[in-house]
Amino acid sequence: MTKNEEKTTKAAEEVDYTSLAKQCSAEYTLAWKNQKPKKDEWNVRLKLYNNQKRDKDAVGDTTLFTVMQTVIASLYTDRLDVTFEGREDGDEETAENLTQMAEFDYDEMGKAILDYDWLWDTCFFGRGLVAMEEYERDPKNNVFVPMPQVIDPLLFLHDPLATSVNGDRSGKGAMRFGGYEVKMTKQDMLDHPHFFKDKLKFDDISHGGGTESLLRDAIESRDYAQGRQPSLKQEESSLGDNTQYDVTIWYTHWKSSEDSRPAKYKVYLINERTEVIGIQKINRKRGKRIVFPIIDRTLYPTAHDWDGTSIPDLVEDKQRARAIAQNLGLKAMKADLYPMYIYDSNRIRNRNDLNFEFNKFVPADIPDGGSVTGAIQPINKASPNLNLIDFIYNSLDTSAQKATATPEIQQGIMSEEKRTLGEVNIIASKVDTRYSLAAKVLGWSEREFWYHWYALYDENFAEDIDEKVLRIVGAFGAKWRPLKRGDIITHLLPDIKIESRAVSRAKELEERKMMIEYMNLVFSDETANRRYGLKQLGRLSGLTKDQIDRLLPPTIDERIAEDQNEMLNENKLVPVLPEDDHNVHLEIHTKAKDTDATFAHIEAHKKALSIKKTNPELFPTDIAAANFGADQPQGQAPIQNKTMGNIPTPIRPSQTSNQPNIVPKTYQR
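Worth saying up front: this structure is predicted, and the values here are computed from it rather than measured. (Residues numbered from 1 in each chain as written. Predicted model: local features only at pLDDT ≥ 70, side-chain atom pairs only at ≥ 80, totals over all residues. Heavy atoms only, no water.)

Of regular secondary structure, the chain possesses 19 helices and 20 strands. Taking all 669 residues of the chain together, 40% fall into the buried category. Here the analysis covers contacts within the chain between residues at least 6 apart in sequence; of these, 70% occur between residues at least 24 apart. With an accessible surface of roughly 39000 Å², the chain has 52% of that area assigned to carbon and sulfur atoms. (Helix = DSSP H or I, 4+ residues; strand = E, 2+ residues; numbered from the N terminus. Buried < 20%, exposed > 50% of the residue type's maximum accessible area, 1.4 Å probe, protein only. Contact = heavy atoms within 4.5 Å. Areas by Shrake-Rupley, 256 points an atom, 1.4 Å probe, with all protein chains shown as cover.)

Turning our eyes to something else, we now look at the packing of helix 17 (residues 582-589) against helix 18 (residues 596-614). It is the contact of helix 17 with helix 18, at a shortest axis distance of 10 Å, that shows an interaxial angle of 160 degrees. Considering their axes alone, helix 17 and helix 18 lie roughly antiparallel with respect to each other. Seen along the crossing, helix 17 lies across helix 18 with a hand that is left-handed. Taking contact as the criterion, the partners of His582, Asn583, His585, Leu586 and His589 in helix 17 are, on helix 18, Thr598, His601, Ile602, His605, Ala608 and Leu609. (Axes fitted to C-alpha atoms, helices over the stretch in contact; angles between N-to-C directions. Parallel < 35°, antiparallel > 145°, perpendicular 65-115°, else oblique. Left-handed = near helix turned anticlockwise from the far one by under 90°.)

Looking now at the nonpolar core. The biggest cluster of nonpolar side chains holds 69 residues, and the ones touching the most others in it are Met68 and Met189. At ten residues, helix 2 (residues 18-49) tops the list of elements feeding residues into this core. When near neighbours in sequence (up to four residues on either side) are disregarded, Met68 contacts Tyr49, Trp120, Cys123, Phe124 and Ile311. (Core = buried A, V, L, I, M, F, W, Y, C linked by side-chain atoms within 4.5 Å.)

A few words on empty space enclosed by the protein. One pass over the structure, following the stated rule, counts two cavities of 30 Å³ or more. Together, Gln35, Lys38, Lys39, Trp42, Phe125, Arg127, Leu129, Pro153, Phe156, His158, Trp306 and Asp307 line the largest cavity. Elements with a contribution of two residues or more to the lining of the largest cavity: helix 2 and strand 2 (127-131). Ranked by residue count, the leading element in the lining of the largest cavity is helix 2, at four residues. A class-by-class count of the residues in the lining of the largest cavity yields six nonpolar, two polar and four charged. (1 Å grid on protein atoms, 1.4 Å probe; cavity = no way out; pocket = protein on both sides within 12 Å on 5 of 7 lines; lining within 4 Å. Points joined across faces, edges and corners; volume = space filled by probe spheres on them. Nonpolar A, V, L, I, M, F, W, Y, C, P; charged D, E, K, R; others polar.)

We now examine the packing of aromatic side chains. Applying the stated criterion to the full structure yields 27 aromatic pairs. Ring pairs connect the aromatic residues Phe84, Trp118, Tyr135, Phe144, Phe449, Trp450, Trp453, Tyr457 and Phe461, which therefore count as one cluster. (Phe/Tyr/Trp six-rings, centres within 6.5 Å; stacked < 30°, edge-to-face > 60°.)

Time to look at the side chain of Asp246. Checked against the element boundaries, Asp246 lands in strand 8 (residues 244-254). Residue Asp246 is classed as buried on the basis of its relative accessible area, which comes to 6%. A distance of 2.6 Å separates polar atoms of two side chains, one belonging to Asp246 and the other to Lys183. Contact partners of Asp246, with chain neighbours within four places excluded, come to Glu181, Val182, Lys183, Ser206, His207, Gly208, Gly209, Ser213, Leu215, Leu269 and Ile270. (Polar contact = N/O pair within 3.5 Å; in protein donor to acceptor, adjacent residues only side chain to side chain.)

Right, let's get into the sheet that holds strand 8. Spatially, five strands are ordered 6-7-8-9-10 in an open sheet, and the strand pairing comes out antiparallel. In the strand order of this sheet, the two ends are held by strand 6 (157-158) and strand 10 (275-281), each with one partner. By the bridge criterion, seven bridges tie strand 8 to strand 9 (residues 263-270) in an arrangement that is antiparallel. Of the residues in strand 9, the one forming a bridge with Trp254 is Ala263. In the packing of helix 2 onto the sheet, contacts are made with strand 6, strand 7 (178-185), strand 8, strand 9 and strand 10, and the angle to strand 8 comes to roughly 105 degrees. Lying on the sheet, helix 7 (residues 214-225) is in contact with strand 6, strand 7 and strand 8; it crosses strand 7 at an angle near 70 degrees. (Pairing = 2+ DSSP bridges.)

This brings us to the sheet that holds strand 13 (residues 294-298). With antiparallel pairing, three strands are arranged side by side in an open sheet as 5-2-13. In the strand order of this sheet, the two ends are held by strand 5 (149-151) and strand 13, each with one partner. The mean inter-strand angle of the sheet, taken between neighbouring strand axes irrespective of direction, is 30 degrees. Direction of pairing for strand 2 relative to strand 13: antiparallel, over a ladder of five bridges. Across the sheet, Leu129 pairs through a bridge with Asp296, a residue of strand 13. This element, helix 5 (residues 111-125), spans strand 2, strand 5 and strand 13 of the sheet and lies at about 145 degrees to strand 2.

A word on unusual backbone geometry. Note: most peptide bonds trans; most residues except glycine with negative phi. With a phi close to 55 degrees, Asn142 is a non-glycine residue in the positive phi region. Within the secondary structure, Asn142 sits in the loop between strand 3 (135-138) and strand 4 (143-146). Even without being glycine, Asn271 reaches a positive phi, approximately 50 degrees. Along the chain, the position of Asn271 falls in the loop between strand 9 and strand 10.

Moving on, we come to a nonpolar patch on the surface. A contiguous nonpolar surface patch, about 390 Å² in accessible area, is contributed by Met333, Leu337 and Tyr338. Among the secondary structure elements, Tyr338 is positioned in the loop between helix 9 (311-337) and strand 14 (341-343). With a relative accessible area of 65%, Tyr338 lands in the exposed category. (Patch = residues over 30% accessible without salt bridge, like charges linked within 9 Å, V, L, I, M, F, W, Y side chains within 5 Å. Salt bridge = Lys/Arg side-chain N within 4 Å of Asp/Glu carboxyl O.)

Below, the discussion takes up the confidence of the model for the chain. Predicted coordinates in areas of low pLDDT are best not read in detail. Mean pLDDT over the chain: 80, with 78% of residues reaching 70 or higher. Below a pLDDT of 50 lies the segment residues 409-414, which in the model reaches 13 contacts outside its immediate sequence neighbourhood of four places, other chains included. Note that residues 423-428 has pLDDT below 50 and, in this model, five contacts with residues that lie over four places away or in other chains. (pLDDT = per-residue confidence, 0-100.)

As structure tokens, this is what we get:
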């Protein structure tokens, strides 16, 4: 904790937060009454998803699990890649650093695991939540890693009138308040930077959240679904230092004595939300607005509504009906295997004689001249319509598949109906279309995630204290790049581009195919830039810049032009030499800043190309020799130049007064 934070915390401890606690408690109760029925339904669905306490004589249907895993597998394997782009001159390198840092932090943050949990919540509950507030920091070891956390939707309560956490760009539909319960040990509370340490009297803190606690219901529901015995409150209170206390984390608007208008705060409450034990002011900016540091993700959003549509909303009733059909079919099968009989008790006196055994003889009292016929016979009963049961069963399955775009082929199951290859390809393409829509919707929250990731660095990465060291693996092995604040924070918020990896690869495949066909035509032209075409083909093939540079090392002209860009960026005039490959220089100089020197230099290259076209005899023909001042190769006739006569070796412009002055002294844009 910094000195300023310590002063703020000490000053906060002296404030009376009774009115704030009452406000938060009233907001919690309002949200609890509004959303408790929804939470109860979710608790029931958890048991349906993996119910270990079902009747052991019955079978459970797995439609919900199958559809959930199919959708999650399709969306999870299609990773959403992030790219940062600068908004003003000079931000290109910073944007590239951010892109590489995001790739590095992907593993450091454990985002692969976070993405699965986040996606599971989104599919099952209709909306998933992630908080981007905490970070691990160790300046001595160059460690600064954001620590995003998934919020359990079973616990999160929100403003009943809200449609999302932070609303649209103008803030419409944003929640006024919301929060959730957590379990914290004594040490967790003592280590928390925003808790009032002097007010922590653990003997007076209750272990439960009261009658309106969602945390207790969620724990019991998950225990029941997995076949566990729910833990008892009195057992928790006897665990000593491992005892956990219920703390409510609540986001709200409140006007303190230091605020001119209500501001956003994160409030920590205990004892059934009657006492404030910590407070933190939120300063996360989104444009000109202050926003809550929470990202919400939805899969099937409904306009103007918070919850949207979840997979259980579409599948739950089908699974229940399919389970009923399955168990009725099993009972019908058992009835056929073990039919009921009626027997003549006057003839068969002992019921045990009818129990099944091999080579058993059952005595019957048969009158003289009588027959055993009629002594026992099966009871006639109605036979179930198995075809109708099968039709209903398959119809329910088809309905679930249609609603969630998970046909049998997508589930990895061979379709029972014979289809042509063309039909299979059409089905697959339409499924991809539905999932492409879902991936684009997920891209909304993914973009917000990386915005909050960048904002966390902007708020907490100190100029002269923190340093980020990236491990970058390229074609030449691993290398480490240290980054300071100025290397990753831009004056204007960078653009954040999110693209589906599957979509981008499909696009690259199509572009690569078109590029190959086009190159076969263009390369017949002597003026075609073959190196650029080959490099572009390498990028479309998925090669990194290091790999492409290793296959096609930069030419001397490319290297010289890159060095010249550094001078042009500082608005320093750079001479243009006749032996330069002017087309290569023009290509490289497009990356330089728009300075007067850059414009002058580019115009000089254009002028050189014009002079070369009209007076080719003024330019050396052996570029390699001109660049390195090598002797004329043996056996080659001296270059004839009408203006300068015989030139035994190519020379630079400064060595003769007869060559044209290519570089203009001044250039006005």
